[in-house]
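Chain by chain, the residues run as shown.
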Amino acid sequence: RQDREDDLSARLEALVAGAANKKAESSDPDGTAQSNRILVRDRDRIRFVPIDDIHWIEAAGDYVVLHTDDKKHLIRATMSGMTKRLPRTRFARIHRSSIVNMDFVREVRPYFHGDYMVYLNSGKELRLSRRYWPQVESQFNAVR
């Protein structure tokens, strides 16, 4: 039963991705088309979470947690996989365990030892590692 559900989910996700490719909703500089929503299994149903609703993403072992206004969605994915699926112009990896939607960033303040603190509109505080600062800074400059 689990194999059938996994197969169904994979086929459904491929179908949604195919529809997104046909509509050409968005395209990265490297030419890969992206969907504007993420497929999430929720008990006995499958939901679609619009990427516009995602505030930030955190790593949770072999899973990631999508944080939205009112809910957390757990999906089986890797942080590097999520980075590839999301538009680079709007989402930035700020830590090995965090990706943030730049639209929800209120401010960034220096922290200790070259790290920074990212403050979201919701009041959530996330650490920006100095390792990821050059990428984030280039994204901020590109937005200007």
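Use the structure listed above.
Here's what I pulled together on the structure shown here. (Residues numbered from 1 in each chain as written. Predicted model: local features only at pLDDT ≥ 70, side-chain atom pairs only at ≥ 80, totals over all residues. Heavy atoms only, no water.)

Attention shifts here to the overall build of the chain. Across its full length, the chain carries 3 helices and 10 strands. When the helices and strands of the chain are read in sequence order from the N terminus, they spell out α-β-β-β-β-β-α-β-β-β-β-β-α. Taken across its 144 residues, the chain has 35% of its residues classed as buried. Restricting the contact set of the chain to residue pairs at least 6 apart, pairs at least 24 apart contribute 37%. On the chain, roughly 9500 Å² of surface is accessible, and the fraction owed to carbon and sulfur atoms is 47%. (Helix = DSSP H or I, 4+ residues; strand = E, 2+ residues; numbered from the N terminus. Buried < 20%, exposed > 50% of the residue type's maximum accessible area, 1.4 Å probe, protein only. Contact = heavy atoms within 4.5 Å. Areas by Shrake-Rupley, 256 points an atom, 1.4 Å probe, with all protein chains shown as cover.)

Time to look at the sheet that holds strand β8 (residues 105-110). Across the sheet, 3 strands lie side by side as β8-β9-β10; this open sheet has antiparallel pairing. Since the sheet does not close on itself, it has two edges, and those belong to β8 and β10 (125-128), each with one partner. Adjacent strand axes in the sheet meet at a mean angle of 25 degrees when their direction is disregarded. Bridge count for β8 against strand β9 (residues 116-120) is 5 bridges, and the pairing is antiparallel. Bridge pairing in β9 places P110 opposite Y116. (Pairing = 2+ DSSP bridges. Axes fitted to C-alpha atoms, helices over the stretch in contact; angles between N-to-C directions.)

Scanning the entire structure with this criterion turns up 2 aromatic pairs. Ring centres 4.2 Å apart and planes at 20 degrees place the aromatic pair Y116 and W133 in the stacked group. Here Y116 is found in strand β9, whereas its partner W133 is found in helix α3 (residues 133-143), with 17 residues between them in sequence. If you follow R76 out to its NZ or CZ, it ends over the ring of Y63, 5.5 Å from the centre. Positioned over the ring face of Y119 is R109, at 5.0 Å from the centre of the ring. (Phe/Tyr/Trp six-rings, centres within 6.5 Å; stacked < 30°, edge-to-face > 60°. Lys NZ or Arg CZ within 6 Å of the ring centre and 35° of its normal.)

The next thing to look at is the nonpolar core. When a protein is soluble and globular, its nonpolar side chains tend to lie buried together. Counting residues in hydrophobic clusters, the biggest one holds 15 residues, and the most contacted among them are I38, I57, L66 and M82. Of all the secondary structure elements, the ones that give two or more residues to this core are β1 (37-42), β4 (63-67) and α2 (79-85). Those residues within four positions of I57 in sequence are excluded, and the remaining contacts are V64, V65, L66, M79, M82, L86, S97, S98 and I99. (Core = buried A, V, L, I, M, F, W, Y, C linked by side-chain atoms within 4.5 Å.)

Okay, unusual backbone geometry next. Look at R43: it is not a glycine, yet its phi comes out positive at around 55 degrees. In this fold, R43 is placed in the loop between β1 and β2 (45-50).

A few words on the pattern of salt bridges. Tallied over the full model, the rule gives 7 salt bridges. A salt bridge links D42 to R47; the shortest N-O distance between them is 2.8 Å. A salt bridge links E107 to R109, with the shortest nitrogen-to-oxygen separation between them at 3.1 Å. Within this structure, D42, R47 and K71 form a network of salt bridges that share partners. (Salt bridge = Lys/Arg side-chain N within 4 Å of Asp/Glu carboxyl O.)

The subject of this paragraph is the sheet that holds strand β3 (residues 56-60). Across the sheet, which stays open at both edges, the 5 strands sit in the order β5-β4-β3-β7-β6 with antiparallel pairing between neighbours. Every interior strand has two partners, whereas the edge strands, β5 (72-75) and β6 (91-95), have only one. The average angle at which neighbouring strand axes cross in this sheet is 25 degrees, direction not considered. With 5 bridges connecting them, β3 and β4 associate as antiparallel partners.

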